[in-house]
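A structural walkthrough
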Amino acid sequence: MKWFTDPDEVAEERAAAAALRRLPAGGRVVAVCSGAGGVGATSVCAGIGATLAALWPGRIAYAGLLAAPPIAGVQVAAETMWTDQVTLEAVEDLRDRHSVLLLDLGVHASRTTRVLLSTADRILVVTDEDGRGEEKAMARVITAAPATKRALAGRSGQSAPDRFVIPSDRAFAQLGSDLLERAKPATCRALLRLAAWCV
């Protein structure tokens, strides 16, 4: 058990909180994808959405989710629930009306997904503790959007500017409006840093 907070963690949290004090100048599109199913892309996307919506209710939107969790302050457009139904027009409309649009693309590798990756300002590749699908997803991302800022989120490893560690947490087993209340403090800190990277 860790009794004292690591000074580096405190500094990272303060930097993340400072970055989240201001909204992005224009609508930002953040694509969340993976190279293997079941690694947590939707869970991480929901966690980012919950974190951002806690700060900016009504300014966050989701698109492309297979199963959109109910999170207060996050708009989920019904017509964009399945990845292959998300259109560029819908992305532009949601981007114009919201500060951050989260595109949960999961493991999908369709032509539509590649087009949506190319519209993103940030791309987050989610992997599990074994790194399943990391190379496959990164190759897809680099092909579709070579100049887009990207990062990796996983369950293990060391944090770095382009790598985030999201601890395993039972709170992700049931996504809902109380996700952040049920999540471990370490998970909330990780989501705060990740949300700051998104904006």
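As shown above, the structure is provided for reference.
What counts as what
Residues numbered from 1 in each chain as written. Predicted model: local features only at pLDDT ≥ 70, side-chain atom pairs only at ≥ 80, totals over all residues. Heavy atoms only, no water. Buried < 20%, exposed > 50% of the residue type's maximum accessible area, 1.4 Å probe, protein only. Helix = DSSP H or I, 4+ residues; strand = E, 2+ residues; numbered from the N terminus. Arc of directions from axis to C-beta. Contact = heavy atoms within 4.5 Å. Pairing = 2+ DSSP bridges. Axes fitted to C-alpha atoms, helices over the stretch in contact; angles between N-to-C directions.

**Quick look at helix 3 (residues 88–97)**
The set of residues buried in helix 3 consists of Ala90, Val91, Leu94 and Arg95. Looking straight down helix 3, one finds its buried side chains confined to an arc of 130°; they lie on one side. In helix 3, those exposed residues whose orientation departs by more than 90 degrees from the buried face are Glu89 and Asp96. In this fold, the buried residues of helix 3 make contact with strand 1 (28–34), strand 2 (60–63), strand 3 (74–76), strand 4 (100–106) and helix 4 (111–119).

**A short note on the pairing of strand 5 (residues 122–126)**
When a strand is regular, its side chains alternate between the sheet's two faces. By the criterion of burial, strand 5 is predominantly enclosed, with 5 of the 5 residues buried. Both faces of strand 5 are covered, namely the face carrying Arg122, Leu124 and Val126 and the face carrying Ile123 and Val125. In the sheet, strand 1 pairs with strand 5 via 5 bridges, with the strands oriented parallel. When the bridges of strand 5 are listed, Ser34 appears paired with Val126. Where strand 5 meets strand 6 (residues 149–154), 5 bridges bridge the pair, whose relative direction is parallel.

**Points about the sheet that holds strand 1**
Spatially, 7 strands are ordered 3-2-4-1-5-6-7 in an open sheet, and the strand pairing comes out parallel. Here the strands that pair on one side only, and so sit at the sheet edges, are strand 3 and strand 7 (163–165). Neighbouring strand axes in the sheet, compared pairwise and without regard to direction, differ in orientation by 25° on average. Two strands pair when backbone bridges link them, and strand 6 and strand 7 are joined in this way by 3 bridges, in the parallel orientation. Pairing of Leu152 across the sheet is with Arg163, part of strand 7.

These values are about where atoms sit, not about what they do.
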